[in-house]
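Residues per chain are reported as follows:
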Amino acid sequence: MSMESFEQNDNELTSTFPVKIRKVPKSLEDIVRITKFNKSEIRLLYKGFKQECPSGAVTERDFQTIYSHFFPHGNCRDYTNYLFRVLDRRKRMYFTFEDYIQALSILVRGDIKEKLQWVFRFYDISDNGKLTKQTIETILRSIYDLLGPNSCIHQPLTDATIEKHSACIFEKLDFHNAGSINFDDFENYCLQDAQLLNSISLLSNTAI
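Residues numbered from 1 in each chain as written. Predicted model: local features only at pLDDT ≥ 70, side-chain atom pairs only at ≥ 80, totals over all residues. Heavy atoms only, no water.

- Going by an unreviewed UniProt entry, the chain carries the name EF-hand domain-containing protein and comes from Rotaria magnacalcarata.

Structure representation (structure tokens):
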């Protein structure tokens, strides 16, 4: 079966994207093969994707607009920038349904190593295979900004609060005191920390 049933009205859609980047997904069978979703789940996910992204391609600006609807009290600019970087795997300045559903498949149905690899790539904003206290602080700050002033935080949110939180996390991860950690260090620590694994599972289920 092809994706024709999803695309019957595609020619009638107006789009702000140039025609050359309007993307029709692979066949349904192809997407089943590259993800851990069944055909019914893919159809449902595609319907939701098309409602938000009728052109079939999502730019960073569009992604930010979508997130602003879900977090109206926060500033989603930095968070969506970092998340978009992971979704735009091929560095085309947009991502498609295929990119989206492969990431979602990892976060929802992937094994723990696949999830940890995804989370590590999300935090690795320098794309150099290493995490530092500064990169962790940058991501944490973007998450706090995303949640906004109405988030449930038990202490006043200041620069010092964020710095203290990120330093605490990094101190646990950098058990070699090297000043940076690679994926192996990250994985080894996470697999020994049940609470952190639960947090990662929660993040995985709500990230996108």
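Once you've had a look at it, read on.
**Some remarks on the overall build of the chain**
Next up, step 1: Counting its regular elements, the chain contains eleven helices and two strands.
Next up, step 2: Put simply, the chain runs from its N terminus to its C terminus through helices and strands in the order α-α-α-β-α-α-β-α-α-α-α-α-α.
Next up, step 3: Considering the chain as a whole, with its 208 residues, one finds that 41% of them fall into the buried category.
Next up, step 4: In the chain, the share of contacts with a sequence separation of at least 24, taken over all contacts with a separation of at least 6, comes to 64%.
Next up, step 5: Total accessible area computed for the chain in this model is approximately 11,900 Å², and 52% of it derives from carbon and sulfur atoms. (Helix = DSSP H or I, 4+ residues; strand = E, 2+ residues; numbered from the N terminus. Buried < 20%, exposed > 50% of the residue type's maximum accessible area, 1.4 Å probe, protein only. Contact = heavy atoms within 4.5 Å. Areas by Shrake-Rupley, 256 points an atom, 1.4 Å probe, with all protein chains shown as cover.)

**Considering helix α3 (residues 39–52)**
Next up, step 1: Here α3 is 14 residues long and its end C-alpha atoms lie 20 Å apart, about the 20 Å a rise of 1.5 Å per residue gives.
Next up, step 2: All of the buried residues along α3 are Ile42, Tyr46, Phe49 and Lys50. The arc that holds the buried residues of α3, viewed along the axis, is 95°, so those residues lie on one side. Exposed residues on α3 whose side chains face more than 90 degrees from its buried face are Ser40, Leu44, Lys47 and Gln51. (Expected span 1.5 Å × (residues − 1). Arc of directions from axis to C-beta.)

**Thoughts on unusual backbone geometry**
Next up, step 1: Notably, Asp127 is not glycine yet its phi reads approximately 55°, a positive angle.
Next up, step 2: Position of Asp127 among the secondary structure elements: in the loop between α7 (112–123) and α8 (133–147).
Next up, step 3: Note on Asp127: relative accessible area 49%, which makes it partly exposed.
Next up, step 4: With a phi close to 55°, Asn177 is a non-glycine residue in the positive phi region.

**Let's talk about the environment of Val108**
Next up, step 1: Along the polypeptide, Val108 turns up in helix α6 (residues 97–109).
Next up, step 2: For the pair Val108 and Lys36, spaced 72 residues apart in the sequence, the C-alpha separation amounts to 8.8 Å.

**Focus: the packing of α8 against helix α9 (residues 159–173)**
Next up, step 1: Contact geometry for α8 and α9: axes closest at 9 Å, N-to-C directions at 130°. Considering the angle they form, α8 stands oblique to α9. Two packed elements cross with a definite hand, and for α8 against α9 that hand is right-handed. Here Lys133, Ile136, Glu137, Leu140, Arg141 and Tyr144 of α8 lie close against α9, whose contacting residues are Asp159, Ile162, Glu163, His165, Ser166, Ala167, Ile169, Phe170 and Leu173.
Next up, step 2: Considered class by class, the residues forming the contact of α8 with α9 number eight nonpolar, two polar and five charged. (Axes fitted to C-alpha atoms, helices over the stretch in contact; angles between N-to-C directions. Parallel < 35°, antiparallel > 145°, perpendicular 65-115°, else oblique. Left-handed = near helix turned anticlockwise from the far one by under 90°. Nonpolar A, V, L, I, M, F, W, Y, C, P; charged D, E, K, R; others polar.)

**Details of the pattern of salt bridges**
Working definition: two side chains of opposite charge can pair if their charged atoms are close together.
Next up, step 1: One pass over the full model with this rule turns up twelve salt bridges.
Next up, step 2: In this structure, Glu29 engages Lys39 in a salt bridge whose closest nitrogen and oxygen atoms are separated by 3.5 Å. Placement of Glu29 in helix α2 (residues 28–34) and of Lys39 in helix α3 is noted, with a sequence separation of ten residues between them.
Next up, step 3: The class of Glu29 is partly exposed, set by a relative accessible area of 22%.
Next up, step 4: Between Arg33 and Asp30 there is a salt bridge, with the nearest N and O atoms lying 2.1 Å from each other. Separated by three residues within a single helix, Arg33 and Asp30 lie in helix α2, roughly one turn from each other. (Salt bridge = Lys/Arg side-chain N within 4 Å of Asp/Glu carboxyl O.)

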